[in-house]
Amino acid sequence: MGVKVLAVTLVLLVLVGLWLVSRARRVDRLHRQVEQARVVMFNHLKTRRQILKTASNDGSFGADFPSDELAQLLATAPAGQSDHTGASESDISAWLVRVWDQVERENPQIAQKLRINGFELRAARRFYNQQVAQVVRLRSQADVRMFHLAGRAPMPEPFDFDDEAPRA
């Protein structure tokens, strides 16, 4: 009788251990997906800045184009740097909305690149924020908190900024 209880207890402990390992792997996998989504989103932000910087520097826009304001906006910390904020990206988006008609008139190719980038950027930001929400939901569950299955990984935070750019 005692051997059976010990065997059943041992089997249950092994099953609980395997279950906790699988949960920890899920937490780890989600954290990795968040990081990958963050990299993709920041690459789209960098691409948008590069398109604007190149167009401004090579004279793609006319003389009455507000290039000084654009230069100030692009001088803020690029995406991925420690002092980067969503506010600076919101400012760039707001500026694009203000001057969009002029961009389309003066350089349709740049407008098309920005339109495509804007679509990709919105999709990347939404995907990133969905991944963050999944991690937060999983990490808020009792078993993950109780057994510290997330280790010392920092809790990811959503990245919010105004990404409403002109659409075709």
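Keep in mind it's a predicted model, so treat the numbers as computed, not measured.

(A) View of the environment of Leu73. Note on placement: Leu73 falls in helix 2 (residues 67-74). The spacing of Leu73 and Asp91 is 18 residues in sequence and 7.1 Å in space, taken between C-alpha atoms. Residues within four places of Leu73 in sequence aside, it is in contact with Arg49, Asp91, Ile92 and Trp95.

(B) Quick peek at the environment of Ala153. Counting through the fold element by element, Ala153 comes out in the segment after helix 5 (142-146). By relative accessible area, which is 25% here, Ala153 ends up partly exposed. In sequence terms Ala153 and Val39 are 114 residues apart; their C-alpha atoms lie 17 Å from each other.

(C) Representation of helix 1 (residues 2-57). The terminal C-alpha atoms of helix 1, which comprises 56 residues, lie 82 Å apart, in line with the 82 Å expected from a rise of 1.5 Å per residue. Following helix 1 by one or two positions, Gly59 adopts a phi angle in the positive range, close to 75°.

(D) Up close: the pattern of salt bridges. Here the structure, examined in full by the defined rule, presents seven salt bridges. A salt bridge links Arg48 to Glu89, with the shortest nitrogen-to-oxygen separation between them at 2.8 Å. In this pair, Arg48 sits in helix 1 while Glu89 sits in helix 3 (residues 86-106), placing the two residues 41 residues apart along the sequence. Glu89 carries the same exposure label as Arg48, and that label is buried. Here Glu104 makes a salt bridge to Arg115, at a shortest N to O gap of 2.4 Å. With Glu104 in helix 3 and Arg115 in helix 4 (residues 108-139), this residue pair connects regions lying 11 residues apart in the sequence. Relative accessible area serves as the criterion here: at 32%, Glu104 is assigned to the partly exposed category.

About the cut-offs
- Along every chain, residues carry numbers that run from 1 in the direction the sequence is written.
- Local features in this predicted model are restricted to residues whose pLDDT is 70 or higher, and side-chain atom pairs enter the listing and the counts only when it is 80 or higher, whereas totals over whole chains, interfaces and linings include all residues.
- To get the side-chain values, take all heavy atoms of the structure and skip hydrogens and water.
- Strands are runs of DSSP state E lasting at least 2 residues, helices are runs of H or I lasting at least 4, and numbering of each runs from the N terminus.
- We call two residues in contact whenever any of their non-hydrogen atoms come within 4.5 Å of each other.
- Only protein chains enter the calculation, and the probe is 1.4 Å; a residue is then buried if its accessible area is under 20% of its type maximum, exposed if over 50%, and partly exposed in between.
- By definition here, a helix of n residues has an expected span of 1.5 Å times n minus one.
- Between Lys or Arg on one side and Asp or Glu on the other, a salt bridge is scored when a side-chain nitrogen of the former is within 4 Å of a carboxyl oxygen of the latter.

The values reported here are purely geometric and, on their own, carry no functional implication.
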